[in-house]
Amino acid sequence: MPLRDDGRVDEDWALNQRVAGGDRAAFQLLVLRHERRLRAFLARAAGCDADDLAQETFVRAWQRADDYRGQGSYAAWIMGIGWRLFLDQRRTARRRAELAAGDDEAPTAIDPRGASDAAIDADRVLAGLSPPERAALTLCFGHGWSHGDAAEIMGVPLGTLKSLVLRGRAKAQKLIGEGADA
């Protein structure tokens, strides 16, 4: 059983072991612990599809509970599943759009209903980034993940993640500067 630095048994790992045995109550506890953070990340990375992606992420986590071996945090494991589902969904949508219209992927609109001006500005800036840049910035700056954890979640080498953060930050700063000039 994996141990944390302070010697406590990793509760998420223990709960997931119960989930692997079919314990729905244990799974419900894991969902309650990680749902808000997962949905917030996916909302930034995927926009309006976050609820469906989060639900599918938890379905996959239930189905593949045996795959989590306790290496790394459960939160990083679940976020990684969500990120890969987003990438799969995006690839599928792009292929369908190319087949239907022969055009490139159209940018997605952001629904600012009920959002503050700062949130709208953040959404505008994030919309100007590529999905990997958006995810890297959201994980590292919006959710406080380390570069190593964010790289694990996204399934990319650490150097690639650092490049995405640097490139995304530079683009975001440029977009913010352009917004101030308007």
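Residues numbered from 1 in each chain as written. Predicted model: local features only at pLDDT ≥ 70, side-chain atom pairs only at ≥ 80, totals over all residues. Heavy atoms only, no water.

Peer 1: Outline the packing of helix α6 (residues 131–142) against helix α7 (residues 147–154), listing residues and values.
Peer 2: Two numbers describe how α6 lies on α7: the axes approach to 9 Å, and their chain directions differ by 140°. Taken together, the axes of α6 and α7 lie oblique to each other. For the pair α6 and α7, the sense of crossing is right-handed. For the pair α6 and α7, the contacting residues are P132, A135, A136, L139 and C140 in the first and H147, A150, I153 and M154 in the second. When its residues are assigned to classes, the contact of α6 with α7 shows eight nonpolar, one polar and no charged. (Axes fitted to C-alpha atoms, helices over the stretch in contact; angles between N-to-C directions. Helix = DSSP H or I, 4+ residues; strand = E, 2+ residues; numbered from the N terminus. Parallel < 35°, antiparallel > 145°, perpendicular 65-115°, else oblique. Left-handed = near helix turned anticlockwise from the far one by under 90°. Contact = heavy atoms within 4.5 Å. Nonpolar A, V, L, I, M, F, W, Y, C, P; charged D, E, K, R; others polar.)

Peer 1: Please give an account of the packing of aromatic side chains that cites residues and values.
Peer 2: The final tally for this structure, using the stated rule, is seven aromatic pairs. With 5.3 Å between their ring centres and 65° between their planes, F27 and W62 make a pair best called edge-to-face. Placement of the pair is F27 in helix α2 (residues 24–46) and W62 in helix α3 (residues 50–63), with a sequence separation of 35 residues. Connected via pairs of aromatic rings, a cluster forms that spans F27, F58 and W62. (Phe/Tyr/Trp six-rings, centres within 6.5 Å; stacked < 30°, edge-to-face > 60°.)

Peer 1: Give me α3: which residues, what numbers.
Peer 2: Each α-helix turn comprises 3.6 residues. Residues three or four places apart therefore point the same way. Along its 14 residues, α3 runs 20 Å from first to last C-alpha, staying within 8% of the 20 Å computed at 1.5 Å per residue. Among all positions in α3, only A50, L53, A54, T57, F58 and A61 are buried. Each buried residue of α3 sits inside an arc of 135° when the element is viewed along its axis, so together they form one side. Across from the buried face of α3, at angles greater than 90 degrees, the exposed residues are D52, Q55 and Q63. At its buried positions, α3 is contacted by α2 and α4 (74–101). (Expected span 1.5 Å × (residues − 1). Buried < 20%, exposed > 50% of the residue type's maximum accessible area, 1.4 Å probe, protein only. Arc of directions from axis to C-beta.)

Peer 1: I'd love a proper account of the side chain of E133, names of residues and values included.
Peer 2: Mapped onto the secondary structure, E133 falls in helix α6. Of note is the side chain of E133, whose polar atom sits 3.0 Å from the backbone nitrogen of S130. Each residue touching E133, except ones within four places of it in the same chain, is listed here: L164, R167, G168 and K171. (Polar contact = N/O pair within 3.5 Å; in protein donor to acceptor, adjacent residues only side chain to side chain.)

Peer 1: Lay out α2 with the relevant residues and their values.
Peer 2: Relative to the 33 Å expected for 23 residues at 1.5 Å per residue, α2 spans just 28 Å between its end C-alpha atoms, considerably shorter than the ideal helical length. At H34, α2 shows its maximal kink, close to 50°. Buried residues of α2: A26, F27, L30, V31, H34, L38, F41, L42, A45 and A46, and no others. Buried positions along α2 lie against α1 (11–20), α3, α4 and α6. Residue D23 occupies the N-cap position of α2, its side-chain oxygen lying 3.0 Å from the main-chain nitrogen of A25. (Bend = angle between axes of the 7 residues up to and from the residue.)

Peer 1: Before we move on, can you summarise the confidence of the model for the chain with the specific residues and values?
Peer 2: In the predicted model, the chain carries a mean pLDDT of 82, and the fraction of residues at 70 or more is 80%. Counting contacts from residues 3–9, a segment whose pLDDT is below 50, to residues more than four positions away or on other chains yields seven contacts. (pLDDT = per-residue confidence, 0-100.)

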